[in-house]
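Listed below, chain by chain, are the residues.
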Amino acid sequence: MIPPGEQPRITDLSSIEPENFKFRNTAFLMGEGEYDTTYQSPRRLRRKIWNVRNGNLRKLLRRFPKNHPLCDQCAGWMHAVAGKHFFPDANHRTAIATLRRLLKDNGIEPGNWPPELSKQTVIWSHEVRKEVESVRLNTLYNRDRLYLTWLLYFKTVLKSPTK
């Protein structure tokens, strides 16, 4: 629960482990949405998912900006997970699914995010990602145009419970 007078923030990431990212992404591969299997078999894709280094995903969690405002945290999360592109496909969906879990686990109700706006933002994110410098482990939470794309989205969809 968020103390009265304080802005909501994600401060506890203990509910997410590296395997959670892999399970979530594997669920998308196994049928919970579209996963690009055009050039690789599902078996090979699953192996690639599970070959992602746990240490890299732990670094993502360790470097999370716990003291930043909520919208900045959410934009940073999308920048880090979708931008780094840990998995062969479904990185945006994995980022959104794990972010919604973090929000709930920190007592923040994410609410309903408009599907059309979400789809459009993912499309923009894909386009911007092609134009910005590649996200690396040492730039996971940098504030570039990809981050700004998601910041605008979260300023639109997140409603502060303190207002």
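Read on for a plain summary of the structure. These numbers were taken from a predicted model, which means no experiment stands behind them.

The rules behind these values
- Residues numbered from 1 in each chain as written.
- Predicted model: local features only at pLDDT ≥ 70, side-chain atom pairs only at ≥ 80, totals over all residues.
- Heavy atoms only, no water.
- Core = buried A, V, L, I, M, F, W, Y, C linked by side-chain atoms within 4.5 Å.
- Buried < 20%, exposed > 50% of the residue type's maximum accessible area, 1.4 Å probe, protein only.
- Helix = DSSP H or I, 4+ residues; strand = E, 2+ residues; numbered from the N terminus.
- Contact = heavy atoms within 4.5 Å.
- Phe/Tyr/Trp six-rings, centres within 6.5 Å; stacked < 30°, edge-to-face > 60°.
- Lys NZ or Arg CZ within 6 Å of the ring centre and 35° of its normal.

**What about the nonpolar core?**
Side chains that are nonpolar tend, in soluble globular proteins, to be buried together.
Next, step 1: Ile10, Phe21, Trp77, Trp113, Trp150 and Phe154 are the most contacted members of the largest nonpolar core, which has 47 residues in total.
Next, step 2: Of all the secondary-structure elements, those providing two or more residues to this core are helix H1 (18-29), helix H2 (42-50), helix H3 (54-62), helix H4 (70-84), helix H5 (91-105), helix H6 (115-131) and helix H7 (145-157).
Next, step 3: Leaving out residues up to four positions away in the same chain, Phe154 has contacts with Cys71, Cys74, Ala75, Met78, Leu99 and Trp113.

**Here's the deal with the side chain of Thr98**
Next, step 1: You can see Thr98 is positioned in helix H5.
Next, step 2: When neighbours within four sequence positions are excluded, Thr98 is seen to be in contact with Ile16, Phe21 and Trp77.

**Quick notes on the packing of aromatic side chains**
Next, step 1: Tallied over the entire structure, the rule returns 10 aromatic pairs.
Next, step 2: Geometrically, the ring pair formed by Trp113 and Phe154 is edge-to-face, given 5.5 Å between the ring centres and 80 degrees between the ring planes. Here Trp113, found in the loop between H5 and H6, pairs with Phe154, found in helix H7; they are 41 residues apart in sequence, far enough to count as distant.
Next, step 3: Owing to a relative accessible area of 0%, Phe154 belongs among the buried residues under this scheme.
Next, step 4: Summarising the aromatic geometry, the rings of Trp150 and Tyr153 are spaced 5.3 Å apart at their centres and angled 80 degrees between planes, so their arrangement reads as edge-to-face. In this pair, Trp150 and Tyr153 are both assigned in helix H7, 3 residues apart and thus about one turn of the helix distant.
Next, step 5: Residue class for Tyr153 comes out buried when judged on its relative accessible area of 3%.
Next, step 6: Here the aromatic residues Phe21, Phe64, Trp77 and Tyr141 are joined through ring pairs into a cluster of three or more.
Next, step 7: The lysine or arginine in question, Lys84, covers the ring of Phe86, its NZ or CZ lying 5.7 Å from the ring centre.

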